[in-house]
Amino acid sequence: MSKGHAGPLLALDSFVGRAAELADLCRLLGHRRLVTVTGPPGVGKSRLAQEVAASVATGYAGGVVLVSFSGAADSSFVPSVVAEACEVGEQPGRTVMLSLAEHLRHSAALVVLDNCEHVTTEVAVLAGLVLRAGSEVTILATSRQALGVPGEAVWSLAPLAVPPANADPTATAATSAVALFWERARALVPALVPTDSDVLRVGEICRRVDGLPLGIELAAAQVVVLSLAEILERLESHLSALGVARRDAPAHHRDLRAAVDWSYQLCPVRQRAMLRRLSVFASGATTAAAARVFGPDGRGDAGELLDSLVACGLLSVTPGGDEARYRMLRIVRQYATEKLAEAGEKEAVRARHARCMVALAEEAEPELTGADQADWLARLGAEHADVRAALEWSLGAGDAELALRLAGAMTSWWRVQGSLREGRRYLLAGLALPGPVPVAVLAKAQWGAALLAVATGDIAAGTEMAGRAMDAYRALGDGRGVARCLLLLGNCKVDSAPVAAAVLLQECAAMARLAEDGWCVAHAVRLWALASANQGDLHRGAALAEEAVGLARAGQDAHGARIGLSLVGRLRLAQGCLGDAEDALGESQAIARELGEPYGLAVALAGLGELALLRGDVGPARDFLDQALAGAQENGTPEIAIEVRCLLGRWALWVGDVELAAEAFAAAASAATAYEHLAVPPLCGRAQVVVLRGDTALAAEMFEDALQRARARGNHTETAAALSGLAELAAGAGDYQRGIALHYEALELRHRKGEVLGVVESLEAIATQAADAGRRRAPFAARLFGAAHCHRAAYGYARSSAQHERADHVQARLQGSLGSAQLAAEMEAGAKWSLAEAVGYTRRRRDVRNRPTTGWASLTKGERQIARLAAMGLTNRQIADQLRLDPSTPKSHLRNVFTKLGIRSRVELVTRCPPDELRSA
């Protein structure tokens, strides 16, 4: 039993990291007569009280009396321990308590009552007597729970500040927890000079012990015999890994486990049960969730049990939304987990926890596409660690139905939050488990696995899994499920076969309307918009995308509206409507931030970065793109990360940083290795870098590879980019005829699709090469250049410094050929044309000898006529009859058409035939 002291004990070590708490507590003692310092085990209540006593000792005429109850067996010893410390002897006919109260009534001392948690009843009686006696004595108590005396001021001591996991060495070293560690470690090893990696490792040690000074000091004491890595490893393995730091310390302060065990053993039986069962929660629990996991016998008083555990320092509580959340420190949870296993309750409680997460996810699922979407996304986000824990347990236990119910209900959350690979992994793991599962549960999980596969770029797996889900939904007669599977199958074909995709998506929208599935209708229309754009019809694509946004808004689906707005922004950007694009992308960005959607935010920021670059705002463009890349890397979705790296490569080329461009395009190409549909933009970017480095032969090979890949996918934008690259190489080699022919082909593709900037750049390129080709083509070049220059300015497209140099070169060449007056007149004439008129002018003035060797523009009039009819579905015989040709003629003409277009079948011909050609047939 510890004796009291008439004055404060002399501290043998420094006091670190509590300056603010010390000052605050000293101020509080100045106007309150009873202050109780509470807090979790090992937080440093005793040491703070001791330091406070030393700081204020001169302000108390009666001195300072320190009393520790760490050795008191029970409450009956309280009066004797305090009396001994105050030097109060026994008096005949009076109890020790009354004698002590009388003595203190005449005192002006500060009495520090330390470690009161196991003797609170008797300490509370004593404190009450003293306060009611009206004396000048002040009491400072330390306890893991309040004394409950009227007039008591309860002051809660929190753990020391620890660095966040992503902090750098400087910020890590500045935290109070890390400072305490190094102070104690250097006291044992004075020559210790930490490296940056040492500092970061200590930061992790401090996080592992929750910033508790006891844990930090115990860990620091091990530096004599263990490396920091070994200390951290031991902390990860067992709660009692840190041994005795000071042998003169009370038993319950000699290791972390003993400290927690001391508090646990003071709890009544039901409080202990609640604590150990709460250990299955990874991120804390609401009262309702705690009651459910506690079991049927705890639902009536769960709130009282939780609050009592908060009062004794074993739980903390934070307000949050509709319900407070109760959490444990890491060391308390580790201890409670051990106790749960010892009690033989682990499997039963984990099963209840998993069913609790299933109930929450299934309640949230329909809300994730409605008006309360943001609230439910946040709520599931708060429970994500517990959902993960429930899934891990369900999979480990082999409970396929429970795992698939939970994973299936979480699919939409994973999709919106961008946790695509994690969700897919859990769904596939559940689908691989043996055992019977209801068909409806199985179908939903298969659909979820297909959705996340497509979102991660695994089109083959997505197609296969969507087909399996559709078979299951058809067997169930579930039209809504079939429609959603058609949505995914259409999505899988949007890039590779947009015509087929449009057919599937129109069927999907029709079925979804019958099933009253507004979410599915909106997304089907959005993907139909993308398919239309990929077919070369940007105008229809943009109109459908705006319709999809309206449908999503009507259904109060903010996430759906965000996706639609991103597509509207991209299509308007391609159409040259920069203001409309900025509005759509800005709203998409705002919604993504509101929903806490990292993927959607990265998409919007990438679009805004491209927009800023087109306007020549290189500073804001880089800021947008850096933010987008950070979000894409955090999110782990390949498509947006590859796109942003390509945009960064374009930005670097714009500012003339070839090395940065090479690095960005190389990173994009590396990431696109596993995704064929994303390979062309990085390949074209790398080819541009190779051109600047002087290796034109390699660049030609790369552009040819890109051209073949783009044509195989029927992607007009990528095909035009590859053609333009080859055209520039041809011109650079002096082959102006081939260069202009390739630019003509790119121009036709861009004009048919409605890509304004592409058309402007093609017109400029043709004008440039025509100007370089000689004086004969100078008037033609001047008019085209005037048209392109006018429209570039009208649409707000800026030029890079390299493009400015090129434009100056063209004007100088044309002035030399035409003279200033004629050049101005020709450019003015071109400036009066619309883009369509400028394109028409190039077609009319094009020399037949300059017809390209490939692409739609390479076809003769007869070949084009036969190709149109074949694309409309006519057989060779029907074509011959309609055109009054020899029956063998259509076949031979189509063979030439297929060769020039680089296709093998009539099905591919449908995708390559321009929509305006079909309309004119």
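Keep in mind that what you see is a predicted model, and the values were worked out from it rather than measured.

The rules behind each value
Residues numbered from 1 in each chain as written. Predicted model: local features only at pLDDT ≥ 70, side-chain atom pairs only at ≥ 80, totals over all residues. Heavy atoms only, no water. Helix = DSSP H or I, 4+ residues; strand = E, 2+ residues; numbered from the N terminus. Rg over C-alpha atoms; globule rule 2.2 N^0.38 Å. Buried < 20%, exposed > 50% of the residue type's maximum accessible area, 1.4 Å probe, protein only. Areas by Shrake-Rupley, 256 points an atom, 1.4 Å probe, with all protein chains shown as cover. Pairing = 2+ DSSP bridges. Axes fitted to C-alpha atoms, helices over the stretch in contact; angles between N-to-C directions. Expected span 1.5 Å × (residues − 1). Contact = heavy atoms within 4.5 Å. Salt bridge = Lys/Arg side-chain N within 4 Å of Asp/Glu carboxyl O. Left-handed = near helix turned anticlockwise from the far one by under 90°. Nonpolar A, V, L, I, M, F, W, Y, C, P; charged D, E, K, R; others polar. Phe/Tyr/Trp six-rings, centres within 6.5 Å; stacked < 30°, edge-to-face > 60°. Lys NZ or Arg CZ within 6 Å of the ring centre and 35° of its normal. Patch = residues over 30% accessible without salt bridge, like charges linked within 9 Å, V, L, I, M, F, W, Y side chains within 5 Å. Polar contact = N/O pair within 3.5 Å; in protein donor to acceptor, adjacent residues only side chain to side chain. Parallel < 35°, antiparallel > 145°, perpendicular 65-115°, else oblique.

This brings us to the overall build of the protein. Helices and strands together make up the secondary structure of the protein, namely 46 helices and 7 strands. Computed over C-alpha atoms, the radius of gyration of the protein comes to 38 Å, more than 25% over the 29 Å expected from 2.2 N^0.38 for 921 residues, which places it beyond the range of a compact globule. For the protein, the C-alpha atoms occupy an extent of roughly 135 × 65 × 45 Å along the three principal directions. Buried residues in the protein amount to 54% of all 921 residues. Entry remark: accessible area of the protein is about 38,100 Å², with carbon and sulfur atoms responsible for 52%.

Let's shift gears to the sheet that holds strand β2 (residues 64-68). The strand order across the open sheet built from 5 strands is β2-β3-β4-β1-β5, with neighbouring strands paired in parallel fashion. The open sheet terminates on both sides in strands that have one partner only, identified here as β2 and β5 (153-156). On average, each strand axis in the sheet is tilted by 15° relative to the strand beside it, whichever way the strands run. Strand direction decides the pairing type here: strand β1 (residues 34-38) and β5, joined by 4 bridges, are parallel. Each residue of the ladder has a partner; that of V35, found in β5, is A153.

Relative to the elements of secondary structure, A500 occurs in helix α24 (residues 498-514). As a C-alpha pair, A500 and A469 span 31 residues in sequence and 20 Å in three-dimensional space.

In this section: helix α16 (residues 346-364). An ideal rise of 1.5 Å per residue puts 27 Å on 19 residues; α16 measures up with 27 Å between its terminal C-alpha atoms. When α16 is considered as a whole, its buried residues turn out to be V349, R350, A351, R352, H353, A354, C356, M357, V358, L360, A361 and A364. Considering only its buried residues, α16 is in contact with α12 (269-278), α13 (287-294), α15 (330-342), α17 (373-382), α18 (384-396) and α19 (400-417).

It is worth spelling out the environment of A531 at this point. Inspection of the secondary structure assignment puts A531 in helix α25 (residues 518-534). The exposure class assigned to A531 is buried, which follows from its relative accessible area of 0%. Note: C-alpha distance between A531 and V499 (32 residues apart in sequence) is 7.0 Å. Not counting the four nearest positions on each side in its chain, A531 is found in contact with V494, P498, A501 and A502.

Counted by the stated rule, this structure contains 41 salt bridges. Where R325 meets E383, a salt bridge forms, and the shortest distance between an N and an O atom there is 2.5 Å. Pair noted here: R325 is in strand β7 (residues 325-327) and E383 is in the loop between α17 and α18, with a separation of 58 residues, a long-range link. Among the residues examined, E383 registers a relative accessible area of 7% and is labelled buried. Note that R553 and E587 form a salt bridge whose closest N and O atoms lie 2.2 Å from each other. With R553 in helix α26 (residues 538-554) and E587 in helix α28 (residues 578-595), the pair connects residues that are 34 residues apart, well separated along the chain. Among the residues examined, R553 registers a relative accessible area of 42% and is labelled partly exposed. Linked through salt bridges whose partners overlap, the residues forming this network are R257, E338, K339 and E342.

Take the pairing of strand β4 (residues 138-142) next. Buried residues dominate β4, accounting for 5 of its 5 residues. Burial of β4 is two-sided: the residues T138, L140 and T142 facing one way and the residues I139 and A141 facing the other way are all buried. Where strand β3 (residues 110-114) lies against β4, 4 bridges are found, and the strand directions are parallel. For L113, the partnering residue across the bridge sits in β4 and is A141.

Our focus in this paragraph is the packing of α16 against α19. In the contact formed by α16 and α19, the axes pass within 9 Å of each other and the chain directions differ by 30°. Here α16 runs over α19; the crossing is left-handed. Between α16 and α19, the residues in contact are A354, R355, M357, V358, A361 and E362 and L402, R405, L406, A409 and M410, respectively. Across the contact of α16 with α19, the residue classes tally to 8 nonpolar, no polar and 3 charged.

For the rest of this paragraph, the subject is unusual backbone geometry. Notably, D210 is not glycine yet its phi reads approximately 60°, a positive angle. Owing to a relative accessible area of 16%, D210 belongs among the buried residues under this scheme. With a phi angle near 55°, E516 is a residue other than glycine that sits in the positive phi range. With respect to the helices, strands and loops of the structure, E516 is situated in the loop between α24 and α25.

Next up on the list: the packing of aromatic side chains. What the rule picks out here adds up to 7 aromatic pairs. Relative to Y426, the ring of W414 lies with its centre 6.2 Å away and its plane at 20°, an arrangement referred to as stacked. In this pair, W414 is assigned in helix α19 and Y426 in helix α20 (residues 420-431), connecting sequence segments 12 residues apart. As far as the burial class goes, W414 and Y426 line up, both buried. Judged by centre distance (6.2 Å) and plane angle (70°), the rings of W447 and W519 are edge-to-face. With W447 in helix α21 (residues 439-455) and W519 in helix α25, the pair connects residues that are 72 residues apart, well separated along the chain. Residue W447 shares its accessibility class with W519, and that shared class is buried. An aromatic cluster of three or more residues is present, and its members are F780, W833 and Y841. Seen from the ring of F294, R277 lies directly overhead, with NZ or CZ sitting 4.6 Å from the centre. A cation over an aromatic ring shows up here: R622 above the ring of W651, its NZ or CZ 4.8 Å from the ring centre.

Let's shift gears to the side chain of S532. Structurally, S532 is set in helix α25. Since its relative accessible area comes to 5%, S532 is described here as buried. Apart from residues lying up to four places away in sequence, S532 is in contact with D537, R540, G541 and L544.

In the case of a regular strand, side chains alternate between the two sheet surfaces. Where burial is concerned, most of β3 is hidden: 5 out of the 5 residues are buried. Burial along β3 is two-sided: L110, V112 and D114 and V111 and L113, pointing in opposite directions, are all buried. Where β2 and β3 come together, 5 bridges link them in parallel fashion. Within β3, the position partnered with S68 by the bridge is D114.

With that out of the way, let us pick up a nonpolar patch on the surface. Taken together, L188, V224 and V225 make up a surface patch of nonpolar side chains, about 290 Å² in accessible area. Residue position: V224 is located in the loop between α9 (213-220) and α10 (228-237).

Another point: the environment of E342. Along the chain, E342 turns up in helix α15. Counting along the chain gives 337 residues from E342 to A679, while the straight-line C-alpha distance between them is 56 Å. Only 3.3 Å separates the side chain of E342 from the side chain of K339, close enough to count as a polar contact.

Two elements in contact, α25 and α26, have axes separated by 7 Å at closest approach and are oriented at 165°. Compared by their axis directions, α25 and α26 come out roughly antiparallel. Pair α25 / α26 crosses with left-handed handedness. Residues V521, A522, V525, R526, W528, A529, S532 and A533 of α25 pack against L538, R540, G541, L544, A545, E547, A548, L551 and A552 of α26. Residues that form the contact of α25 with α26 fall into these classes: 12 nonpolar, 2 polar and 3 charged.

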